[in-house]
Amino acid sequence: MKKSKWSVIFPSLQPNIEKLFTDDSFNPATENEKENFIETKESVTYWQEAWRRFKANKVAMISLIIIAIIVIFAFIGPLFSPYDYSTQIRGSENLPPSWEHPFGTDGLGRDLLVRTMYGTRVSLIIGVVASLIVLVIGSIYGSISGYCGGKVDNVMMRIVELIYSIPDVLVVLLLTTALKEPLQSMFNSSSSDFIKGLATLGPSLFSIFIAFGLLYWVSNARIIRGQVIMLKQQEYVTAAKALGAKGSHIIKKHLLPNCVGQLIVTTCLQIPSAIFLESFLSFLGNGVSAPMTSLGSLASDALGGIYSYTYRLVIPSVLLSLLILTLNLVGDGLRDALDPKLKK
Amino acid sequence: MAKYIVKRIVQAFFVVILIACITFFLMNMVPGGPFLSEKALSPEVLAAKEAKYGLDKPLLVQLKNYLLDLLKLDLGVSFKMQINRPVLTIIMEMFPVSCKLGAISLVWAILCGIPIGCLAAYYRGTWVDNVLRVFTTIGVSIPGFVVATVLLVIFGVKLSILPTMGLNSFGSYIMPVMALSLSPMCYVGRLTRSSMLDVINQEYIRTAKAKGLSTKVVIFKHALRNSLIPVLTYLGPLTANILTGGFVVETVFSIPGLGRYFVQSISNRDYPIIMGTTIFLASFVVFMTLIVDILYKVVDPRMDLSKEAN
């Protein structure tokens, strides 16, 4: 047999048939061999895989632990304190830090440790609720726009572009200013217990939520739209359509569940930005109403006594910065874990 | 290209109108109107005042008048803080201070941010990169008012080496500029680093290396140019960022600029000033974004901005 040109250059490419197949090769497989074919590794789901990647990320894990500690501090801490965030103790105004009051007391005799706990709680609640609002509106709007395509998409995206170009902080500041009194009078006139309960948080909080509902969902909507456009060309969507599924069903059952990684990451990164915004508003005096407090308004209150009571400013500021930093780091870690393609 | 520019200008115009409408309706939601918190006025005086400012007409007529006035650059007069002075005059008086501070901060943020990003990309994976990454991550996470007050306490009060208020000397610019530019600087640094790393993996960089050019020339001449494009797009949001950051910084350092005045007008509920300043600053931001978008198109003609990027 004439050897081909390539087998001269790569002799190993020439299969040695005698060596490949012996007489044993055609016997049925033994039990031992069969067992070797069974996967000994358990199959790993998307979430297990993501969690494994997340655990490997030390920075994100440490941040997650710090956030857990802050959450415990904010939600369970007040149970162990004999003081209340609004009770003014006569005769113990402006106390320096001591065993009785670890963070001291403020000018009205309120224990600052408890106020810091409540402030952290309010900041966290604002962050989470605002991001959930953004998540719901953004994902519904974005998925409808992406799924329908064509003219609907065009019009919907023009609206997004318009809202996107509005300088958000200015409008939020305006909203919180203008809505303060109407909301306050609504709270006062209402007799329902639910609204009364909401009223303790104050009207500014609601203006923040309204602002997020009006302005901040657009970037989320864009991300989801892009994702949906990519996903809707997949075969399972075509199959669902062929089986006669309605658009709303396809979005709910097929498209959104497949964007879940993206949804979690964007929501997670929205939380620190909401906390950031609230602290900014509180600092300018448009935040939660007294006696309720937030980290931003604690810092703002401390500004008056900045020369003699510097620690009052330092404590909420450090806590706020730490909270925003760790939330950002966890968000980044989640993005790397849930969407490894994006990692740089 | 011309079509794109026209489209962007029309869009910017609509945004400004939209903001004006939002502002107008929000201000009308405030119960009682602007005169309520003053001393109790007799009904006749109140009616006369309302007639004077055109507040007795139907809402849509008021809106029409307001928008027409806006086209004539008439933003009304102040109700409370500087009674009967035109809002536009007040803004023009205050804005140069804020504008100067903002411009210095912007230039400083870019001048420091880009080298930070370049260094981090050049030394990627080493301790330099890690230190810079920690610094920039912390920098973007700390709210502006924390930076401003911490600077004020350390350098103004404890060490008392820098003036704590006003903008009179060179030294008094240092702290406000630092406070205002820290977070944009860190953001620009992060942006430059990541886009630089993107660019470094491209073919023309390999060609430049293959030609035998030194790493420094490749990074700073070939890679830097293209990696600055994302930084350019950030200029629009950066302007908005610095303007709104100015509210806090001007309040903390008692700088007589538009930002502090705006904050004061909010707590004083001087609605014409709030409306006027919002529309003015918003238009300014929209205008800056417009210019940046057009520049972007000029710098990088590959970008098709009329199509929605995913």
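This text follows the structure it describes.
Residues numbered from 1 in each chain as written. Chains lettered and ligands numbered in written order. Predicted model: local features only at pLDDT ≥ 70, side-chain atom pairs only at ≥ 80, totals over all residues. Heavy atoms only, no water.

Draft legend 1. Fine view of the overall build of chain B. Scanning chain B from N- to C-terminus turns up 12 helices and zero strands. When the helices and strands of chain B are listed from N to C terminus, the series reads α-α-α-α-α-α-α-α-α-α-α-α. Within chain B, buried positions represent 46% of all 310 residues. Here the contacts in chain B between residues at least 6 apart in sequence split such that 71% fall between residues at least 24 apart. Of the roughly 15300 Å² of accessible surface on chain B, a fraction of 68% belongs to carbon and sulfur atoms. (Helix = DSSP H or I, 4+ residues; strand = E, 2+ residues; numbered from the N terminus. Buried < 20%, exposed > 50% of the residue type's maximum accessible area, 1.4 Å probe, protein only. Contact = heavy atoms within 4.5 Å. Areas by Shrake-Rupley, 256 points an atom, 1.4 Å probe, with all protein chains shown as cover.)

Draft legend 2. Representation of the pattern of salt bridges in the model. All names here are of chain A. Counting across every chain of the model gives seven salt bridges over all chains. When the shortest N-O distance is used, the salt bridge between Arg225 and Asp153 registers 2.7 Å. With Arg225 in helix H10 (residues 203–231) and Asp153 in helix H7 (residues 150–164), this pair connects stretches of sequence that are 72 residues apart. Accessibility classification places Arg225 together with Asp153 in one group, the buried group. Taking the shortest distance from any N to any O, the salt bridge between Glu161 and Arg158 comes out at 3.3 Å. Here Arg158 and Glu161 lie together in helix H7, a separation of three residues that amounts to about one turn. (Salt bridge = Lys/Arg side-chain N within 4 Å of Asp/Glu carboxyl O.)

Draft legend 3. How the structure looks around the state of the cysteines. Residue and element names in this part refer to chain B. Scanning the entire structure with this criterion turns up zero disulfides over all chains. No disulfide involves Cys112; its sulfur sits 9.9 Å from the nearest other cysteine sulfur, which is in Cys186. Here Cys186 falls in the buried class, since its relative accessible area comes to 0%. (Disulfide = S-S within 2.5 Å.)

Draft legend 4. Geometry of helix H5 (residues 127–141) of chain B. With 15 residues, H5 of chain B extends 21 Å between its outermost C-alpha atoms, agreeing within 8% with the 21 Å of an ideal straight helix rising 1.5 Å per residue. Listing the buried residues of H5 of chain B in full gives Val128, Asp129, Leu132, Thr136, Thr137, Gly139 and Ser141 of chain B. Among the structural elements, helix H13 (260–283) and helix H15 (310–338) of chain A together with helix H4 (87–122) and helix H7 (171–200) of chain B are those in contact with the buried residues of H5 of chain B. (Expected span 1.5 Å × (residues − 1).)

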